[in-house]
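# Residue-level structural notes
For reference, the chains in residue letters:
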Amino acid sequence: MNHYQTTIAPGGHWSLELRRGTVLRLQDLDGNGNAGVLFYNSRNLLERYNAPDTLKCQHTFKLTRGNCLYSDMGRIFASIIEDDLGWHDTVCGNSHASHIEDRWGARDYQTDHNDWRQNGYDAFLVEQAKYGLNAADLAANINVFSKVVTDSEGNMSLVDNHSPAGSEIALRIEMDCLVLIHACPHPLNQSPEYPRCRIGVSLGLAEPMTEDDVCLNHCDENRRGFANNALYHLGA
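All of these numbers come straight from a predicted model, not from anything done at the bench.

## A short note on the overall build of the protein chain
Within the protein chain, the regular secondary structure consists of 5 helices and 13 strands. Against the 2.2 N^0.38 benchmark of 18 Å for 236 residues, the protein chain shows a C-alpha radius of gyration of 17 Å, consistent with a compact globule. Considered along the principal axes of its C-alpha atoms, the protein chain spans approximately 55 × 45 × 35 Å. Classification of the 236 residues of the protein chain by burial places 50% in the buried group. Here the protein chain displays about 11,100 Å² of accessible surface, and carbon together with sulfur accounts for 48% of that area. Taking the average place of the 19 positive charges on the side chains of the protein chain and the average place of its 31 negative ones, the gap between the two points comes to 4 Å.

## Looking at helix α5 (residues 220–232)
Taking 1.5 Å per residue, 13 residues should reach 18 Å; α5 reaches 19 Å between its end C-alpha atoms and fits that length. Within α5, burial applies to N222, G225, F226 and N229. The buried residues of α5 occupy one face: seen down the axis, they fall within an arc of 95°. Every exposed residue of α5 that faces more than 90 degrees away from the buried side is listed here: D220 and L231. In the core, the buried residues of α5 are packed alongside β6 (68–70), β7 (76–83) and β11 (167–173).

## Comments concerning the packing of aromatic side chains
Taken as a whole and judged by the stated rule, the model has 5 aromatic pairs. Summarising the aromatic geometry, the rings of F39 and F77 are spaced 5.9 Å apart at their centres and angled 20° between planes, so their arrangement reads as stacked. Of the two residues, F39 is situated in strand β4 (residues 35–41) and F77 in strand β7; the sequence distance between them amounts to 38 residues. Neither residue differs from the other here; F39 and F77 are each classed as buried. Ring centres 5.9 Å apart and planes at 75° place the aromatic pair Y109 and W116 in the edge-to-face group. Residue classification places Y109 among the partly exposed positions, given a relative accessible area of 40%.

## Overview of unusual backbone geometry
Phi at H59 is positive, roughly 55°, even though this residue is not glycine. On the basis of relative accessible area, H59 is assigned to the exposed category, the value being 74%.

## A closer look at the environment of A123
Along the chain, A123 falls in helix α4 (residues 120–129). A relative accessible area of 0% places A123 in the buried class. Note: C-alpha distance between A123 and G36 (87 residues apart in sequence) is 9.5 Å.

## A closer look at the nonpolar core
L24, L26, V37, F39, Y49, L69 and I181 are the most contacted members of the largest nonpolar core, which has 38 residues in total. Here F39 is in contact with R48, Y49, L69, F77, A78, I142, L171, I173, C177, L178 and V179, once residues within four sequence places are set aside. By size, the runner-up hydrophobic cluster in this structure holds 10 residues, among which are V23, C57, C68 and I81.

## Some remarks on the environment of F145
Within the element layout of this structure, F145 appears in the loop between β8 (142–144) and β9 (148–150). Sequence separation between F145 and M1 is 144 residues, and the spatial gap between their C-alpha atoms is 23 Å.

## Overview of the sheet that holds β6
If you trace the 6 strands from one edge of the open sheet to the other, you get β1-β13-β3-β11-β7-β6, paired in antiparallel fashion. What marks the edges here is a single partner per strand, and that holds for β1 (2–8) and β6. Ignoring strand direction, the axes of neighbouring strands in this sheet form an average angle of 20°. Sheet analysis places β6 next to β7, joined by 3 bridges and oriented antiparallel. For C68, the partnering residue across the bridge sits in β7 and is S79.

## Description of the pairing of strand β13 (residues 199–205)
One face of the sheet, then the other: side chains in a regular strand alternate in exactly this way. Within β13, 6 of the 7 residues are buried, which leaves it mostly tucked inside the rest of the structure. Strand direction decides the pairing type here: β1 and β13, joined by 6 bridges, are antiparallel. Looking across to β13, one finds that T7 is bridged to G200. Bridging between strand β3 (residues 22–28) and β13 involves 7 bridges; their strand directions are antiparallel. Its bridge partner being in β13, Q27 is matched across the sheet by G200.

Rules behind the numbers
Residues numbered from 1 in each chain as written. Predicted model: local features only at pLDDT ≥ 70, side-chain atom pairs only at ≥ 80, totals over all residues. Heavy atoms only, no water. Helix = DSSP H or I, 4+ residues; strand = E, 2+ residues; numbered from the N terminus. Rg over C-alpha atoms; globule rule 2.2 N^0.38 Å. Buried < 20%, exposed > 50% of the residue type's maximum accessible area, 1.4 Å probe, protein only. Areas by Shrake-Rupley, 256 points an atom, 1.4 Å probe, with all protein chains shown as cover. Lys, Arg positive; Asp, Glu negative; His and termini not counted. Charge placed at Lys NZ, Arg CZ, Asp CG, Glu CD. Expected span 1.5 Å × (residues − 1). Arc of directions from axis to C-beta. Contact = heavy atoms within 4.5 Å. Phe/Tyr/Trp six-rings, centres within 6.5 Å; stacked < 30°, edge-to-face > 60°. Core = buried A, V, L, I, M, F, W, Y, C linked by side-chain atoms within 4.5 Å. Pairing = 2+ DSSP bridges. Axes fitted to C-alpha atoms, helices over the stretch in contact; angles between N-to-C directions.

Structure (structure tokens):
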């Protein structure tokens, strides 16, 4: 059951402090979309999502069902309990204003209003400012719905049409956290037109985690991560 729903407009951004036990469900409403996502500990904003640790401890280059999203203090912000696609990027970071201008031309909100071409970096800065954060607090983000591959020389490219319209991913929130989301293009997007893809957001309540949980049992490191969370919440 969903208790809240909203839609992030193309190039838009959104944030909310989420409680553990919540399910955050994201949907690629139009297909071929991208959702930039970042997590912070809402009690201590110095603790934030750590992409290198997330990939290293789970021996992966991509995120999918069973993976956990780690903080830079070894705790788990969220776990992926459902996933339609099997691949989400967390190595390529954000688009910047220079990327947007080089590929699709410059536009500004004063002139173009809701048709302007926002970039992921500035979108995150707008949401960060609501919580007293700034550019120094940015971390490498997740690009939900995006798949990146490499060629024989190590050059990365974005897979086009990886995410059909309606694709979903569900994240179980494992500790109280601040989540920031934008609907701006992936930095490697080569579309001839600025992508205008909406991202659906819905919130519900998670079922209690059981011993056969796919995220808990994905690897030994995840068990240690959940143990760190248990210690953090001791007495709560």
